[in-house]
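For reference, the chains in residue letters:
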Amino acid sequence: MSMGQFTVVGAGQMGSGIAQVAAQSGFQVCLMDLDEAYVQKGLKGITKNLARQVEKGRMTEGEKGEVLGRIRPTTNLREAAGKADIVVEAVVENMQVKTDVFSQLDEAAPAHTILATNTSSLPITEIAAVTRRPEQVIGMHFMNPVPVMKLVEVIRGLATSDEVYHKVEQLAREMGKNPVEVNDFPGFVANRVLMPMINEAIYAVYEGVAEPEAVDQVMKLGMNHPMGPLTLADFIGLDTCLYIMETLYDGFGDSKYRPCPLLRKYVKAGWLGKKTGRGFYTYG
């Protein structure tokens, strides 16, 4: 089976990034979201990213037009999945929402279609269990920003077949990514390591050890990180950080994954980071 038709469900930052990379790799892409405004916002972001590539001389205006011409927007999930060879789900990091989407995809997609989730922490096996094709469900966790970051964590569920794993691994390579096989544990590898570090940085602020700017400076200058953990948290979204920490805490039952109270407070206040204009920093 060739991956001719590539469908992305969810046109947010991750979904639009996945759609862009797939289209740049030559795939016919259907970008779907429930709200037309979200679809158009996703397309606008893709267009802006491609225009930047043209300005830098990495792409011609004609190539930009060809990439955009391979992306078809829609708000109809049944239409989006109906002819798909693979569907990558990139909706909000919430188990109920994701399982609802996968139930609908299982009904709408052809029997051969691979159903992948871009979840950053949730169990692939649990998501697969709501379908009648658990052997064709897999995790395909891209990093943010998708057009730039090379890593894709490829996560097998309990029932994922070897054939599906190898097809998705090859697909990631065709998209210019470096796939890494990871087993189905809470947070996988990337967020199991990253999020406790971010959470500890938040504790340092909460306990008065240092101000956010100082914490970030220490990690940038002392540990050679390109971005401080609190700046990164704002970029990811503090609500997403909290949800992943809760997934780790619930999944392992270990107090070392307990979300910092300050993180909970910021989320309850609606200070979610860059996307709301305020988190650990204020954004214009």
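The written sequence of each chain sets the order in which its residues are numbered from 1. The model is predicted, so local features are restricted to residues of pLDDT at least 70 and side-chain atom pairs to those at 80 or more, both for listing and for counting; the totals for chains, interfaces and linings are taken over all residues. No hydrogens and no water enter the side-chain calculation; it runs on all heavy atoms of the structure.

## What about the overall build of the chain?
Logical step 1: Assigned secondary structure in the chain consists of 12 helices and eight strands.
Logical step 2: All radius of gyration figures rest on C-alpha atoms, and the globule criterion is 2.2 Å times the number of residues raised to 0.38. Scaling as 2.2 N^0.38, a compact globule of 284 residues should have a C-alpha radius of gyration of about 19 Å, and the chain matches this with 19 Å.
Logical step 3: Once the C-alpha set of the chain is aligned to its principal axes, its extents read approximately 55 × 45 × 30 Å.
Logical step 4: In the form shown here, the chain has an accessible surface area of approximately 13,400 Å², with 53% of it arising from carbon and sulfur atoms.
Logical step 5: For the charge count, each Lys or Arg is scored as positive and each Asp or Glu as negative, with His and the chain ends excluded. Here the site of a charge means atom NZ of a Lys, CZ of an Arg, CG of an Asp or CD of a Glu. Computed over 29 positive and 33 negative side-chain charges, the separation of the two mean positions in the chain equals 5 Å. The secondary structure listing takes helices from DSSP runs of H or I that are at least 4 residues long and strands from runs of E that are at least 2 residues long, numbered from the N terminus. Each accessible area is a Shrake-Rupley estimate made with a 1.4 Å probe; only the visible protein chains count as cover when residues are assessed.

## What about the pairing of strand E1 (residues 5-9)?
Logical step 1: With five of five residues buried, E1 lies mostly within the body of the structure.
Logical step 2: Burial along E1 is two-sided: the residues Gln-5, Thr-7 and Val-9 and Phe-6 and Val-8 are all buried.
Logical step 3: Note on pairing: DSSP must find at least two bridges between two strands before they are called paired. Across five bridges, E1 lies against strand E2 (residues 28-32) in parallel orientation. Bridged to Phe-6 within E2 is Val-29. Relative accessibility thresholds used throughout: buried, under 20% of the residue-type maximum; exposed, over 50%; partly exposed, between the two (1.4 Å probe, protein chains only).

## A look at the UniProt feature "binding site: NAD(+)" (unreviewed entry) in the chain
Logical step 1: UniProt annotation of "binding site: NAD(+)" (unreviewed entry) refers to Gly-10, Ala-11, Gly-12, Gln-13, Met-14, Gly-15, Asp-33, Glu-93, Lys-98, Ser-120, Asn-144 and Lys-275 when read in the numbering used here.
Logical step 2: Looking at where Asn-144 falls in the secondary structure, it is placed in the loop between strand E6 (137-142) and strand E7 (151-156).
Logical step 3: In what follows, residue pairs with any heavy atoms lying within 4.5 Å of each other are defined as contacts. When residues no more than four places from it in sequence are discounted, the contact partners of Asn-144 are Gln-13, Met-14, Met-149 and Phe-235.
Logical step 4: There is a polar contact of 3.2 Å between the side chain of Asn-144 and the side chain of Gln-13. UniProt positions are given in the numbering used here, feature names are shortened, and annotations may be inferred rather than shown by experiment. What qualifies as a polar contact is a pair of N or O atoms within 3.5 Å, subject to a donor-acceptor requirement within protein and to the restriction that residues adjacent in sequence count only when both atoms come from side chains.

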